[in-house]
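Each chain is listed here by its residues.
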Amino acid sequence: MAENLCPQNACENISDLNLKVVCLSEASNKCGKQRVDLTSQINYMDTQIKLTTNKIYQTQNQILRLDGEIASLSGQIGRLENSLGDLSKILLGRITETYKKGNPSPFSLLLSANGFSDLLSRLKYLRLAQAHDKKLMFSMQQTKDNYTDQKQAREDKKKQLDGLKITLARQK
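Residues numbered from 1 in each chain as written. Predicted model: local features only at pLDDT ≥ 70, side-chain atom pairs only at ≥ 80, totals over all residues. Heavy atoms only, no water.

Caption draft 1: Molecular detail of the overall build of the protein chain. Tallying secondary structure elements over the protein chain gives five helices and zero strands in all. Helices and strands appear in the protein chain in the N-to-C order α-α-α-α-α. Counting all 172 residues of the protein chain, 25% fall into the buried class. For the protein chain, the share of sequence-separated contacts (at least 6 apart) that also reach a separation of at least 24 residues comes to 75%. When the accessible surface of the protein chain is totalled, it reaches about 12200 Å², and 56% of it is carbon and sulfur. (Helix = DSSP H or I, 4+ residues; strand = E, 2+ residues; numbered from the N terminus. Buried < 20%, exposed > 50% of the residue type's maximum accessible area, 1.4 Å probe, protein only. Contact = heavy atoms within 4.5 Å. Areas by Shrake-Rupley, 256 points an atom, 1.4 Å probe, with all protein chains shown as cover.)

This is the structure:
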């Protein structure tokens, strides 16, 4: 009669670890209430062992998933560092050239132009260069913000991973 109240193999066919942990917890609770005789106590202990084993598997899977996420974030951070470095070099070169040449006044553009169409071409080029510089600065700021976000996400995942490793050590 005690075996019916404390099912020993009730959760064997469940493959999802989360569902298996829930099932084993319920079975363990049933067995804990039914520790009347030695068989029930053995079944209770067996269920507790299975529950702990499955919790360990569950934690190990979470650790593996977090390791993968951290590796992915590290790769993204590396790419962002390269992108940020490239953008910084380009922008620094543009700033240096602009500083060397100075900001051309409309009057100097008018005097140096070989005609009206040349003046319009130079003004158009100047506007395009300024627009490109603005885009470049915006892109660099976005990359920098993304870099900061990715680094924070990686640190959060590392803390979560450390917590899971501590939990796993306690479970074993």
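This is not the end of the story, as more comes after the structure.
Caption draft 2: Structural detail: the nonpolar core. Membership of the largest hydrophobic core is limited to seven residues, which are Ile56, Ile63, Leu66, Ile70, Leu161, Leu164 and Leu168. Residue assignment for this core shows that the elements contributing at least two residues are α3 (38-101) and α5 (116-171). In contact with Leu168, not counting residues within four places along its chain, are Ile56, Thr59, Gln60 and Ile63. Within the second largest apolar cluster, five residues are counted, among which are Cys11, Val21, Leu24 and Leu51. (Core = buried A, V, L, I, M, F, W, Y, C linked by side-chain atoms within 4.5 Å.)

Caption draft 3: Examining the pattern of salt bridges more closely. Following the criterion strictly, the structure yields four salt bridges and no others. Note that Glu12 and Lys50 form a salt bridge whose closest N and O atoms lie 2.7 Å from each other. Taken as a pair, Glu12 in the loop between α1 (2-5) and α2 (17-33) and Lys50 in helix α3 lie far apart in primary sequence, 38 residues in all. The exposure class of Glu12 is partly exposed, given its relative accessible area of 39%. The closest approach of N and O atoms between Glu69 and Lys157, which form a salt bridge, is 2.7 Å. Taken as a pair, Glu69 in helix α3 and Lys157 in helix α5 lie far apart in primary sequence, 88 residues in all. Relative accessible area serves as the criterion here: at 25%, Glu69 is assigned to the partly exposed category. Residue class for Lys157 comes out partly exposed when judged on its relative accessible area of 23%. Here the salt bridges share partners, and the residues they tie into one network are Glu12, Asp46 and Lys50. (Salt bridge = Lys/Arg side-chain N within 4 Å of Asp/Glu carboxyl O.)

Caption draft 4: Spotlight on the side chain of Lys20. Mapped onto the elements, Lys20 comes out in helix α2. For the buried residue Lys20, which engages in no salt bridge, the nearest side chain bearing the opposite charge is Glu12, 5.2 Å off. When neighbours within four sequence positions are excluded, Lys20 is seen to be in contact with Cys11, Glu12, Ile14 and Asn54. (Lys, Arg positive; Asp, Glu negative; His and termini not counted.)

Caption draft 5: Representation of the environment of Tyr57. Examined against the element boundaries, Tyr57 turns out to sit in helix α3. Between the C-alpha atoms of Tyr57 and Leu168, which are 111 residues apart in sequence, the distance is 9.1 Å.

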